[in-house]
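# Results of the structural survey
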Amino acid sequence: MALPSLTALPAQAAGEQKPAATDKRPNVIFILMDDAGLGDFGCYGQTRTETPHIDALAANGIRFTDMYTAAPLSSPSRCCLLTGVHTGHAQIRNNREMSQEDPRIWNYDDVYLDPLLEGQAPMAAGTPTLGSVMKQAGYRTAMVGKWGVGGPTTESTPWTMGFDFYYGCICQRLAHNYYPSYMWRNNRKERVNTGIVNPGTGLDEGADPRDLRSYDKYSKDKVYSPDLMFDNVIDFVRESAGEPFFLMWTTPLPHSPLQAPQEFVDYYVAKFGDEAPLEGEFHSGVWPHNYYPCRYPHATYAAMIGYFDTQVGKLVEELKRLGIYDNTLIVFTSDNGPANNASSPTVWFDSAHPFRCGKGWGKSSLREGGIRMPFIVSWPAKMKSGRVSDYMGNFTDVMPTVCELAGVEAPQTDGLSLVPLLTGREDRQPAHEFLYWEYPASGGQLAVRWGKWKGLVRQVHKGNRTMELYDLSTPGKEVENPSNNVAHLHPDIVERMWGYIEQSHEAIDEPMFQVDVNRN
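Residues numbered from 1 in each chain as written. Predicted model: local features only at pLDDT ≥ 70, side-chain atom pairs only at ≥ 80, totals over all residues. Heavy atoms only, no water.

### Quick notes on the sheet that holds strand β2 (residues 62–64)
- An order of β7-β6-β5-β4-β8-β1-β9-β10-β2-β11 is seen for the 10 strands of this open sheet, with the pairing classed as mixed. A single partner strand is all that each edge strand has here, and the edge strands are β7 (188–191) and β11 (387–389). Looking at each pair of strands side by side, their axes are set apart by 15° on average, direction ignored.
- Pairing analysis gives 4 bridges linking strand β9 (residues 328–334) to strand β10 (residues 375–378), with the strands arranged antiparallel. (Pairing = 2+ DSSP bridges. Helix = DSSP H or I, 4+ residues; strand = E, 2+ residues; numbered from the N terminus. Axes fitted to C-alpha atoms, helices over the stretch in contact; angles between N-to-C directions.)

Below is the structure:
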């Protein structure tokens, strides 16, 4: 059975021609998946899900092995990416809803009627972002997909933060139903579906969980939002082909819930065989709610990634047709490590390979499975193909890199430009002395990477200040097993890492963003 393919690309107006570009700076497309792990892709060792188009990007460019997100959760990861700072300096360090204590935030009808319920904690008005600096450089800028760092009633929206065009879900809660009632087109809502089912809604009483028809109420006769996002990605690329553009494609895939086009699901059902449905306990209107039931959870997770891989292939195909592929720099990565809820069967897929995933080891954890990311860069005009790099970096490097490519001064960041490395001048590539993370959720966590060493402090909110120390030179499932903790053998390294923590942390007023780094 052959992999399914998408329908034809969105039609282009007859006779439409774009002028040849006179500006020789590269276009930049930054592709950010949501909760995809290091091991979810063939080029990083995945054996069950097929990702030939993402693998081709790696084969034609650079595959990084030691690149990290700046945070193990969506909103702080995106804030750090957009601004170029690590979590010790970031304005957003945890997920916080605009109306955190209001139970109506999980009712989609209520959210539609009351914009104060929509969105997450905002960045400050006027914060320099990737969008604003690239716009300042003369690029046409766009974001298509999930925002997650502000709400429509704040000054932290895509259209106030430098993006000429936006299409997607501003609120990450609304992004986590792939058949939503509406999407945002710039500052306007567009209705796309009716009859939306709130997360946590189980199957009808008496419904047969092994009958596909029992699941019709969640998706039948509804529009799949990633289809709409992809159409807008292609439209923006076509409209911008004659000028330098910067596009962030921030797909919600493969974040829960488990929802995918049926033809992709059918492909993996044929490959994996029958499986038990996801029934679970569902709790509408509260958190945790377990999202939605799913007839084929393993096949659907693979289908979500395989579907998106096909979209990436169609985008590359369109760039080539437009004659702009060679001078388009494409970055592919994910916001944080694989999730571990009932709707994310990531342990079965070994999604953080070669590291562990699952509760306490993936998303929302500063262990390697939560922060070590797939990171691929392709730029045919300037880069040799088939390269693998063990450069140690993180999302803070994106801001200085794109600013150098665009010829504009970067704001103050914690990152380093990767341009020397990308263009084959590795001997001129500066290196990070260390990388730093702080995370106020999951008990409070701190982490430092210095060379081959990883320092990790867990349960900070309970008063723990004992650092674990791990040697990462040989990646594997047990590399951060407490039995491999060698802190007692290297007190000098532990002391050095505490010094890095103290110099990296800046206090912040929001209680949900706070971690006490005081050792006493």
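Let us keep going from here.
### Brief notes about the pairing of strand β14 (residues 445–450)
- With 5 of 6 residues buried, β14 is to be regarded as a mostly interior element.
- Pairing geometry for strand β13 (residues 435–439) and β14, over 5 bridges, is antiparallel. Looking across to β14, one finds that Tyr439 is bridged to Gln445.
- Taking the residues between adjacent antiparallel strands as the criterion, β13 and β14 are bridged by 5 residues, where Ser442 takes a positive phi near 50°.
- In terms of strand pairing, β14 meets strand β15 (residues 453–457) through 5 bridges, oriented antiparallel. Along β15, the bridge assignment pairs Trp450 with Trp453.
- In textbook terms, the turn of a hairpin is the stretch between consecutive antiparallel strands, and for β14 and β15 this stretch comprises 2 residues, one of which, Gly451, has a positive phi near 60°. (Buried < 20%, exposed > 50% of the residue type's maximum accessible area, 1.4 Å probe, protein only.)

### Some thoughts on the side chain of Glu468
- With respect to the helices and strands, the residue Glu468 is situated in strand β16 (residues 468–471).
- Polar contacts involving the side chain of Glu468 include one to the side chain of Arg458, which spans 2.8 Å.
- Polar contacts involving the side chain of Glu468 include one to the side chain of Tyr470, which spans 2.5 Å.
- In contact with Glu468, other than residues within four places in its own chain, are Arg367, Lys454, Gly455, Leu456, Arg458, Asn485 and Ala487. (Polar contact = N/O pair within 3.5 Å; in protein donor to acceptor, adjacent residues only side chain to side chain. Contact = heavy atoms within 4.5 Å.)

### Quick notes on the pattern of salt bridges
- Within the structure shown, the criterion is met by 32 salt bridges.
- Its salt-bridge partner being Glu97, residue Arg173 comes within 2.7 Å of it at the nearest N-O pair. Of this pair, Arg173 sits in helix α5 (residues 172–175) while Glu97 sits in the loop between α2 (74–83) and α3 (108–113), placing them 76 residues apart in sequence.
- For Arg173, a relative accessible area of 3% corresponds to the buried category.
- A salt bridge links Glu317 to Lys314; the nearest nitrogen and oxygen atoms lie 3.9 Å apart. Linking Glu317 with Lys314, this pair stays in helix α9 (residues 297–322), spanning 3 residues, or about one helical turn. (Salt bridge = Lys/Arg side-chain N within 4 Å of Asp/Glu carboxyl O.)

### Let's talk about the packing of aromatic side chains
- The full count for this structure, using the stated rule, is 23 aromatic pairs.
- Plain terms: the ring middles of Phe264 and Tyr307 are 5.5 Å apart, the flat faces sit at 85° to each other, and that makes the pair edge-to-face. With a gap of 43 residues between them, Phe264 in helix α8 (residues 262–272) and Tyr307 in helix α9 connect regions that are remote in the sequence.
- Judged by relative accessible area, which is 1%, Phe264 ranks as buried.
- Looking at Tyr307, the relative accessible area reads 1%, which means it is buried.
- Summarising the aromatic geometry, the rings of Phe434 and Tyr500 are spaced 4.0 Å apart at their centres and angled 15° between planes, so their arrangement reads as stacked. (Phe/Tyr/Trp six-rings, centres within 6.5 Å; stacked < 30°, edge-to-face > 60°.)

### Structural notes on the sheet that holds β13
- Across the sheet, which stays open at both edges, the 4 strands sit in the order β13-β14-β15-β16 with antiparallel pairing between neighbours. A single partner strand is all that each edge strand has here, and the edge strands are β13 and β16. The average angle at which neighbouring strand axes cross in this sheet is 15°, direction not considered.
- On top of the sheet, helix α14 (residues 491–504) reaches β13, β14, β15 and β16; it is set at about 115° to β14, its chief contact.

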